[in-house]
Each structure stands twice: as structure tokens, then as C-alpha cells.
Amino acid sequence: QVQLVESGGGLVQAGGSLRLSCAASGIIFRINFMRWYRQAPGKQRELVAAIFSGNNTNYGDFVKGRFTISRDNAKNTVYLQMNSLKQEDTAVYYCNVGTITSAFGLPNDYWGQGTQVTVSS
């Protein structure tokens, strides 16, 4: 079993910055991917950013250079640096991590509890 603990959400004015963190703990042989999703009220959950075991990344189209995803492999932690925040970035942000627990284990993915990001005008 893997536990994810998210932190870093909060209230920020438009144009400001926030940094989200998500730390994974438990039985982890390898982390295959680490992703951030978000869900605004009345909208579907959407992918914000992803980083893979080779450090390749991809971003949602709406990010447009404003956000950066990174990871600290020693800490099993993924970060999302969000700059130039807009009101439309207001949402609950969820961490999603794909792992395997042994060399021949099956992959599993886990979700964090979510952290609220609110951007005011």
C-alpha cells in the first residue's frame, strides 16, 4: 500500500505563485509516473502535468509555460510550481502516482486526498 500526502494549496491573488508537494510513502519498488490533476466545481477532472521515470514531462494545454512539474526521487516526492496563476486555475488539485511494489509486481496507481487552490482577483 502507498500513501500520498499533499501540501501547498491555499489562497493566492491572481498573478501569484504556489508550490504543491506530494510525498509518497509505503512499499515502493519503483515509481513509474507522478501526475497532478485538478477538478473545478462542475467540471471534469483534467490532467495538469505529468512526469515519468525518465523525467519526461507533459502538460495540459492550458498550462502554457506557467507551471513546472519536478520530482525528488530520493524523497519520492513530486512538486508542481505554479506561477502567473489565474482565477480559472481555482480547483482541487490531486496527486496521482503509479508504482510497482516489487521487481515482478503489477502496477498500481494511487490518489492523494486533494488540496484546494483558490485564486482571487
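A few points on the structure. (Residues numbered from 1 in each chain as written. Predicted model: local features only at pLDDT ≥ 70, side-chain atom pairs only at ≥ 80, totals over all residues. Heavy atoms only, no water.)

**Focus on the overall build of the chain**
In terms of helices and strands, the chain carries zero helices and 11 strands. Mapped in sequence order, the helices and strands of the chain form the string β-β-β-β-β-β-β-β-β-β-β. Taken against the 2.2 N^0.38 rule, which gives 14 Å for 121 residues, the C-alpha radius of gyration of the chain at 14 Å falls within 12% of a compact globule. By its C-alpha atoms, the chain is 50 × 25 × 25 Å across when sized along the principal axes. Taking all contacts inside the chain whose residues are at least 6 apart in sequence as the whole, residues at least 24 apart take part in 54%. Per element, the accessible surface of the chain, about 6400 Å² overall, is 48% carbon and sulfur. Considering the chain, the positive charge centre built from 11 side chains and the negative charge centre built from 7 side chains are found 3 Å apart. (Helix = DSSP H or I, 4+ residues; strand = E, 2+ residues; numbered from the N terminus. Rg over C-alpha atoms; globule rule 2.2 N^0.38 Å. Contact = heavy atoms within 4.5 Å. Areas by Shrake-Rupley, 256 points an atom, 1.4 Å probe, with all protein chains shown as cover. Lys, Arg positive; Asp, Glu negative; His and termini not counted. Charge placed at Lys NZ, Arg CZ, Asp CG, Glu CD.)

**Section: the packing of aromatic side chains**
With the rule as written, the count across this model stands at one aromatic pair. Relative to W111, the ring of Y37 lies with its centre 5.1 Å away and its plane at 50°, an arrangement referred to as tilted. Of this pair, Y37 sits in strand β4 (residues 30–39) while W111 is found in strand β10 (residues 108–111), placing the two residues 74 residues apart along the sequence. Above the face of the Y79 ring, R19 is positioned so that its terminal group lies 4.0 Å from the ring centre. Cation over ring: R35 sits above F33, and NZ or CZ is 3.9 Å from the ring centre. (Phe/Tyr/Trp six-rings, centres within 6.5 Å; stacked < 30°, edge-to-face > 60°. Lys NZ or Arg CZ within 6 Å of the ring centre and 35° of its normal.)

**Describing the nonpolar core**
Membership of the largest hydrophobic core comes to 28 residues, with the highest contact counts inside it found for W36, L80, M82 and Y93. Those elements that provide at least two residues to this core are β1 (2–7), β3 (18–26), β4, β5 (46–52), β7 (67–72), β8 (77–82), β9 (91–100) and β11 (115–120). (Core = buried A, V, L, I, M, F, W, Y, C linked by side-chain atoms within 4.5 Å. Buried < 20%, exposed > 50% of the residue type's maximum accessible area, 1.4 Å probe, protein only.)

**A word on the pairing of β1**
What you see with β1 is a clean split: V2, L4 and E6 sit on the buried side and Q3, V5 and S7 on the side with no burial. Judged from the six bridges that link them, β1 and β3 form a sheet pairing that is antiparallel. Across the sheet, the residue bridging to S7 is S21, located in β3. (Pairing = 2+ DSSP bridges.)

**Let's talk about unusual backbone geometry**
Even without being a glycine, N55 presents a positive backbone phi close to 70°. Of note, N55 is situated in the loop between β5 and β6 (57–59).

**What to know about the state of the cysteines**
Using the criterion set out here, one finds one disulfide in the structure. Between the sulfur of C22 and that of C95 lies a disulfide, 2.1 Å long from S to S. Because the torsion about its S-S bond is -80°, the bridge between C22 and C95 counts as left-handed. Placement of the pair is C22 in strand β3 and C95 in strand β9, with a sequence separation of 73 residues. For the pair formed by C22 and C95, the shared burial category is buried. (Disulfide = S-S within 2.5 Å.)

**Quick look at the pattern of salt bridges**
Going through the model one piece at a time under the given rule, you end up with three salt bridges. Between D89 and R38 there is a salt bridge; the shortest N-O distance is 2.8 Å. With D89 in the loop between β8 and β9 and R38 in strand β4, this pair connects stretches of sequence that are 51 residues apart. Taken as a pair, D89 and R38 share a single burial class, namely buried. A salt bridge links R66 to D89; the shortest N-O distance between them is 2.7 Å. Highlighted residues: R66 in the loop between β6 and β7 and D89 in the loop between β8 and β9, separated in sequence by 23 residues. (Salt bridge = Lys/Arg side-chain N within 4 Å of Asp/Glu carboxyl O.)

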